[in-house]
Each structure stands twice: as structure tokens, then as C-alpha cells.
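What follows is the residue order along each chain.
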Amino acid sequence: MAEPAAHAAESFAGCRARAARTVLDQVVLPGEELLLPEQEDGEGPGGAGERPLRLNAGARPRVRVVCGPGLRRCGDRLLVTKCGRLRHKEAGGGGGSGVYWVDSQQKRYVPVKGDHVIGIVTAKSGDIFKVDVGGSEPASLSYLAFEGATKRNRPNVQIGDLIYGQFVVANKDMEPEMVCIDSCGRANGMGVIGQDGLLFKVTLGLVRKLLAPNCEILQEVGKLYPLEIVFGMNGRIWVKAKTIQQTLILANVLEACEHMTADQRKQIFSRLAES
Amino acid sequence: MAFLDSLGGSRRDQIVSKRRDTCGRGSRRAPHPSWRLLIGYAVCTQARASGRKRQSLLHVGSPAMEESMQTETKVRPESGAESGPRSPSCTLRHFACEQNLLSRPDGSASFLQGDTSVLAGVYGPAEVKVRKEIFNKATLEVILRPKIGLPGVAEKSRERLIRNTCEAVVLGALHPRTSITVVLQVISDAGSLLACCLNAACMALVDAGVPMRALFCGVTCALDSDGTFMLDPTAKQEKEARAVLTFALDSVERKLLMSTTKGLYSDAELQQCLAAAQTASQHVFRFYRESLQRRYSKS
């Protein structure tokens with residue numbers, strides 16, 4: 001009786017705690033439990049009873065693991081809260097430490113401190129602009145947070161302007177706050193985005209893919225036409241080329257890149273280069 | 001988080017018995033002596049107990065049924081076509097699911113169970129009206145639109161059941177002062193509508209990337225007048241059935257999140273249906289996994 005019951009329990013849970021290392025780059029679902037490398041030999045919380053007693057139990061090397069988006073800690077357990085591919089980035093120390101996160105394809109942006117985003121100014125009230133960044137509430141932007149702005153010298157920002165800025169305050173309990181200067185007081189590319197150009201929305205996953213270091217899509221796009229492009233981590237892309245036609249082509253190519261394989265992309269780019 | 005955890009799972013069990021059962025008792029033919037009219041809290045405790053006992057139930061309670069299901073489920077792949085004339089007991093109709101098919105919502109899914117089809121869209125975490133703002137968690141809203149006409153009392157009641165189920169699994173504390181809106185549009189109703197709505201809502205929530213404690217699924221059971229039960233009944237079977245029971249189960253502990261019943265059934269029959277629903281949920285969750293893996297295979 002005990003044996004089939006145990007079997008049923010296993011098949012019932014379907015997704016018993018799996019070692020995080022073995023499911024890297026695989027799809028994980030909400031509710032799954034992951035085992036960190038340091039827990040693997042202990043066989044998780046379930047197998048605690050059968051674990052042999054160790055003399056050097058206290059002296060186990062502790063690895064530092066950071067939980068990224070899509071994961072949460074519950075006691076000493078690591079639980080998945082979002083669907084997506086599990087990713088891992090090794091830290092300098094090695095030995096299984098580093099960052100784990102879930103790479104999901106979502107459209108809704110949740111402000112994160114330090115992210116560069118494109119926002120639209122929706123209101124001016126006194127010395128603060130309200131900027132729509134696609135999150136659950138508009139971000140605030142002080143008029144002093146621009147390069148060279150002083151109380152006398154106000155920046156020229158109108159309602160409807162596009163702003164490229166960075167979050168300095170972003171947590172779930174407070175209104176997010178943006179700035180358009182870095183820590184040295186330099187614009188560093190941030191500020192109001194120029195008049196022409198096209199703003200379009202893509203999924204957050206695509207922006208992350210495009211912003212990944214040495215992303216080949218961007219290099220290919222750069223060879224096609226001379227262009228200006230701004231990526232916001234909130235899924236907004238602003239692009240400007242010499243003509244409107246070129247701008248539209250670039251926007252369409254970037255949007256289409258999401259669901260194409262590398263071969264398909266090559267074909268498209270070679271065809272565009274010919275025309 | 002701890003607050004939510006303690007509320008989740010079995011404490012969220014919600015059992016609704018239709019008023020008709022209590023009101024119509026006098027006029028109805030006297031039930032079999034072994035049947036008990038299960039209403040209100042009585043059902044509640046039953047269901048909770050069964051959640052804990054399910055392991056033993058599956059093997060001790062009904063070995064024959066369990067076996068028949070094991071064999072049948074192998075024959076019935078989710079991708080396959082409708083399995084001809086359905087055998088009386090425990091097959092599910094075939095599922096189909098498509099995700100991210102709408103461009104405007106943050107997450108969307110359409111779920112088909114046989115001829116029943118529901119389209120779901122999820123917006124959130126989005127801006128919330130001050131009136132509905134909750135300071136420490138997200139406001140969850142479920143809107144169920146019927147195929148024709150305006151939503152009535154039945155829709156409102158289902159909305160509430162779905163919302164309670166979603167609230168039990170969605171980690172609303174991670175996005176306080178926001179709103180998560182689930183809009184469900186019935187496309188065609190051919191039985192087991194509530195279960196299909198639950199499944200569509202779950203897939204759309206997953207698609208939107210709303211943080212969740214677990215996945216959930218809905219399973220409907222219908223009890224015949226001669227005591228046989230069937231899973232995932234069609235509209236005709238639902239109409240002929242003596243009792244229709246719908247359960248929502250979570251994917252981690254297979255615990256009951258919500259249950260709603262209509263009609264007369266005995267204590268043992270409830271347990272039997274719940275056990276069958278738990279076994280069936282395994283297949284639904286497997287289907288979820290396959291369909292999500294297919295979705296992420298492109299990236």
C-alpha cells in the first residue's frame with residue numbers, strides 16, 4: 001500500500017522539487033519548487049528525515065544565490081511564480097552561486113529601480129511632471145532632474161513629449177520617480193526625445209533580447225539604414241531613420257523579429273538589403 | 001506573504017449550494033435514505049476533510065474506478081479528436097488552448113473543452129480606481145460576459161466564484177494598489193462552462209505574467225440518476241444529471257480551491273467526484289505544461 005501511495009504522490013505533484021541546475025533554460029510553471037545546488041544533496045525538504053547525520057553539518061559552504069524576477073523564497077524553499085524559461089547567471093565566485101530568474105514574455109511593465117524607460121508626459125503640475133511609463137501608476141519627474149536645469153532655467157517639456165529617463169525610486173509601495181540625469185548630473189543620452197520618429201510597443205522580452213550584449217539583430221538593423229533608436233525597458237521603442245518609409249520598415253522588422261529564428265531573420269535582412 | 005499563505009489553500013474553500021435545493025425539498029420526491037442533503041457548512045467540512053484524505057481515497061475508496069480512469073486517460077490524448085460516443089464515466093473532452101491571441105490585453109487565452117469555448121483577457125497590474133484600491137494587495141476583478149445579452153445573476157455568481165479562486169492563487173501582495181482585471185467572454189456553451197472559464201482565466205493570468213502561487217484548473221462532474229458519474233459533461237448530460245459539481249483545484253497540493261454544486265448527492269458521491277476530479281486535474285495540468293512549453297519553444 002505504501003509504495004503505490006508514494007508513487008501516486010509523486011505523479012500527483014507532477015512537478016516535485018527539481019534541481020535548479022537541471023531545468024536551466026527550460027520552461028518552469030508557477031508553483032514549481034526548485035532546489036539550489038546546496039540543497040540538492042539533501043534532496044529537499046521532503047527527504048530531510050533520511051539525511052545522514054553529518055559531523056560537519058555547520059561547516060557547509062554557503063553559496064550566495066540571488067532570486068530574480070519570477071522567483072520567490074518561502075523559508076528555505078525557492079518557488080516559481082511566473083511562467084517562462086529559467087535563466088542563471090554565474091557570479092564571480094562560481095560554485096552554483098549567482099542570479100536565477102525567470103525569463104517570461106509579458107507585456108505589462110512593472111517599474112524597477114535603475115531601468116531606462118521611455119515615458120510620455122501626461123501632466124504638468126507645479127514643479128513635477130507626470131510621466132506615463134506603462135506601469136500601474138504614472139511616474140513623477142522633477143523639472144530639476146534635467147541636465148543644466150535650475151530654478152531659473154526650466155527645461156522645455158510639453159505635455160505629450162517623449163522622455164527617456166531612468167528610475168531612481170521604484171518599489172511596489174511608492175510612486176515611481178524618474179530622472180533624466182545620471183549621478184554626475186550629465187544627461188548621458190537621457191532627456192526629451194526629438195520631434196520626429198516613431199514610437200511603438202513590443203513585449204518586454206523582445207526589448208531584453210534586443211538590449212542583450214552583442215545582439216545580432218541590432219547589428220543587422222544597423223547595416224540596413226542609418227538610424228536613431230531608443231529602447232525603453234518598458235517595452236517601448238522609438239526609432240527614426242532618414243525617411244518615413246525607412247522608419248516604418250525598421251519598426252516592422254523589429255516587431256517581427258520576436259518570433260523568427262536566426263535563419264528566417266537572415267533571409268529577411270538579405271532581402272531588405274537587396275531592395 | 002505569510003498573510004496570504006495562511007489564507008490560501010483549503011481555507012479558501014468556498015462551497016455554494018444552490019438555494020433551490022433547500023427550497024424545493026418539500027416538493028421533491030423523497031431521496032434515497034442514504035442520500036443526505038448536503039448544504040452550507042456541512043459540505044464545507046466534508047470537502048476539507050477529503051482534501052486531506054485524498055491519497056487514501058484514491059486507492060481504498062474506489063480502486064475499480066481509479067483503474068478505469070488510468071487506462072482511459074492513456075487512450076485519450078488532449079490533442080486527439082473527440083473520442084466518439086463517450087464512455088459513461090470518466091473521460092474529459094479534448095482540450096485546446098491558444099495564448100496571447102489578443103493584442104490589447106496584457107495576457108489573453110482562449111480555452112476549448114469539447115464545444116465549450118471561452119476567451120479570456122487579463123489586464124494588470126494596472127491603474128486602480130481610488131474607490132477600489134486596497135492598500136496592501138492587488139484588487140482582483142472578474143468580468144464574465146455571456147454569449148448574448150447582458151450579464152445576469154448567474155454570471156455574477158460565477159464571477160464571484162472565479163474571483164475567489166483567482167484570489168487564492170494570485171500573489172496580490174506583490175503589486176499593492178493595482179488592479180488585475182480578468183475579462184471572460186463566453187463564445188459557446190456546451191456544458192462545463194464554469195470549469196472552462198476557470199481554465200481560460202488561469203491560462204490568461206499565466207500569459208499576463210501575474211505572479212501566482214500555483215496554477216489552478218476547473219473540473220466539472222455530473223452525477224446520473226443511477227449513481228454513475230461523468231467528468232466534463234456536455235450541456236445535455238448536465239441537464240439530465242441529478243447533480244452537477246464543479247471543483248477548482250490547485251497544481252501544487254491538488255487541494256480544493258473552490259467548489260460549487262447543484263442537485264442532490266450523497267456524502268460518498270461527493271468524495272468520489274472529488275477524487276475523480278483530482279485525477280482529471282492531473283491531465284489538465286499536463287496539458288497546461290505542454291501548451292506553455294509550446295508557447296515558449298519559439299523564444
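Nothing here was measured: the structure is a model prediction, and the numbers come from that model.

## What to know about the overall build of chain B
Check the secondary structure of chain B and you find eight helices and 10 strands. Per-residue burial for chain B yields a buried fraction of 55% across its 299 residues. Residue pairs in contact within chain B that sit at least 24 positions apart in sequence constitute 68% of those at least 6 positions apart. Just so you have it, chain B exposes about 12,800 Å², and 55% of that area is on carbon and sulfur atoms.

## Here's the deal with the UniProt feature "domain: K Homology" (unreviewed entry) in chain A
Feature annotation in UniProt places "domain: K Homology" (unreviewed entry) on residues 197–244 of chain A, given in this structure's numbering. Segment residues 197–244 of chain A splits into 38% helix and 31% strand. End C-alpha atoms: 8 Å apart.

## A short note on the sheet that holds strand E8 (residues 98–103) of chain A
Note: strands within a sheet are paired through backbone hydrogen bonds, in either parallel or antiparallel orientation. Residue and element names in this part refer to chain A. Strand order across the open sheet formed by four strands is E2-E7-E8-E4, with mixed pairing between neighbours. Looking at the sheet topology across the chains shown, the edges are occupied by strand E2 (27–28) and strand E4 (65–67). Bridging between strand E7 (residues 84–90) and E8 involves six bridges; their strand directions are antiparallel. Opposite histidine 88, over in E8, you have tyrosine 100 as the bridge partner.

## Section: the environment of Ala262(A)
Residues and elements named next belong to chain A. Among the structural elements, alanine 262 can be located in helix H6 (residues 262–274). Of the residues examined, alanine 262 reaches a relative accessible area of 34% and is grouped as partly exposed. On a C-alpha basis, the gap between alanine 262 and isoleucine 217 in space is 9.0 Å, while along the polypeptide they are 45 residues apart.

## A few points about the packing of aromatic side chains
Counted according to the given criterion, the structure contains seven aromatic pairs over all chains. When the centroid spacing of 6.3 Å and the interplanar angle of 80° are considered together, the rings of Phe129(A) and Phe146(A) count as edge-to-face. Of this pair, Phe129(A) sits in strand E10 (residues 128–132) while Phe146(A) is found in the loop between strand E11 (139–142) and strand E12 (162–169), placing the two residues 17 residues apart along the sequence. Like Phe146(A), Phe129(A) is buried. Note on Phe111(B) and Tyr288(B): the rings are 6.3 Å apart at their centroids and 90° apart in plane angle, and the pair reads as edge-to-face. Taken as a pair, Phe111(B) in strand E3 (residues 107–113) and Tyr288(B) in helix H8 (residues 267–296) lie far apart in primary sequence, 177 residues in all.

## Focus: the packing of helix H4 (residues 216–224) of chain A against H6(A)
Angle between the axes and distance between the axes: these two values describe a pair of packed helices. Residue and element names in this part refer to chain A. It is at 10 Å that the axes of H4 and H6 come closest, and there the two elements cross at 5°. Between H4 and H6, the interaxial angle falls into the category roughly parallel. Seen from H4, the contacting residues are Glu216, Ile217, Glu220, Val221 and Leu224; seen from H6, they are Ala262, Arg265, Phe269, Leu272 and Ala273.

## What to know about the pairing of strand E9 (residues 243–250) of chain B
Residue and element names in this part refer to chain B. Most of E9 is tucked away, with eight of its eight residues classed as buried. Residues Ala243, Leu245, Phe247 and Leu249 of E9 are buried on one face, and the alternating residues Val244, Thr246, Ala248 and Asp250, pointing to the opposite face, are buried as well. Where strand E7 (residues 216–223) lies against E9, eight bridges are found, and the strand directions are antiparallel. Counted as the bridge partner of valine 219 is phenylalanine 247 from E9. Pairing of E9 with strand E10 (residues 256–263) involves seven bridges; the strand directions are antiparallel. Residue pairing in the sheet places threonine 246 in a bridge with threonine 260 of E10. In this antiparallel pair of consecutive strands, E9 and E10, the connection spans five residues, and arginine 254 shows a positive phi of 55°.

## Side note on the packing of helix H5 (residues 153–169) of chain B against helix H6 (residues 193–208) of chain B
Residues and elements named next belong to chain B. Running from N to C, H5 and H6 cross one another at 40°; their axes reach a closest spacing of 11 Å. Judged on the interaxial angle alone, H6 and H5 are oblique. Taken as a pair, H5 and H6 cross one another with a handedness that is right-handed. On the side of H5, the interface is formed by Arg158, Leu161, Ile162, Thr165 and Cys166, while H6 contributes Leu193, Leu194, Cys197, Leu198, Ala201 and Leu205. Of the residues assigned to the contact of H5 with H6, the class counts are nine nonpolar, one polar and one charged.

## Overview of the side chain of Ser104(A)
Looking at the element boundaries, Ser104(A) is found in the loop between E8 and strand E9 (116–125). Of note is the side chain of Ser104(A), whose polar atom sits 3.3 Å from the side chain of Gln106(A). What Ser104(A) contacts, discounting residues up to four positions off in sequence, is Lys82(A), Cys83(A), Gly84(A), Gly205(A), Arg208(A) and Tyr296(B).

## Observations regarding unusual backbone geometry
Between Gly124(B) and the following residue, Pro125(B), the backbone shows a cis peptide bond with an omega angle of 0°. One can find Pro125(B) in strand E4 (residues 116–126). Backbone geometry places Asp25(A), a non-glycine residue, at a positive phi of 65°. Considering the arrangement of structural elements, one finds Asp25(A) in the loop between strand E1 (18–19) and E2.

How each quantity is defined
Residues numbered from 1 in each chain as written. Chains lettered and ligands numbered in written order. Predicted model: local features only at pLDDT ≥ 70, side-chain atom pairs only at ≥ 80, totals over all residues. Heavy atoms only, no water. Helix = DSSP H or I, 4+ residues; strand = E, 2+ residues; numbered from the N terminus. Buried < 20%, exposed > 50% of the residue type's maximum accessible area, 1.4 Å probe, protein only. Contact = heavy atoms within 4.5 Å. Areas by Shrake-Rupley, 256 points an atom, 1.4 Å probe, with all protein chains shown as cover. UniProt positions renumbered as here; feature names shortened; annotations may be inferred. Pairing = 2+ DSSP bridges. Phe/Tyr/Trp six-rings, centres within 6.5 Å; stacked < 30°, edge-to-face > 60°. Axes fitted to C-alpha atoms, helices over the stretch in contact; angles between N-to-C directions. Parallel < 35°, antiparallel > 145°, perpendicular 65-115°, else oblique. Left-handed = near helix turned anticlockwise from the far one by under 90°. Nonpolar A, V, L, I, M, F, W, Y, C, P; charged D, E, K, R; others polar. Polar contact = N/O pair within 3.5 Å; in protein donor to acceptor, adjacent residues only side chain to side chain.

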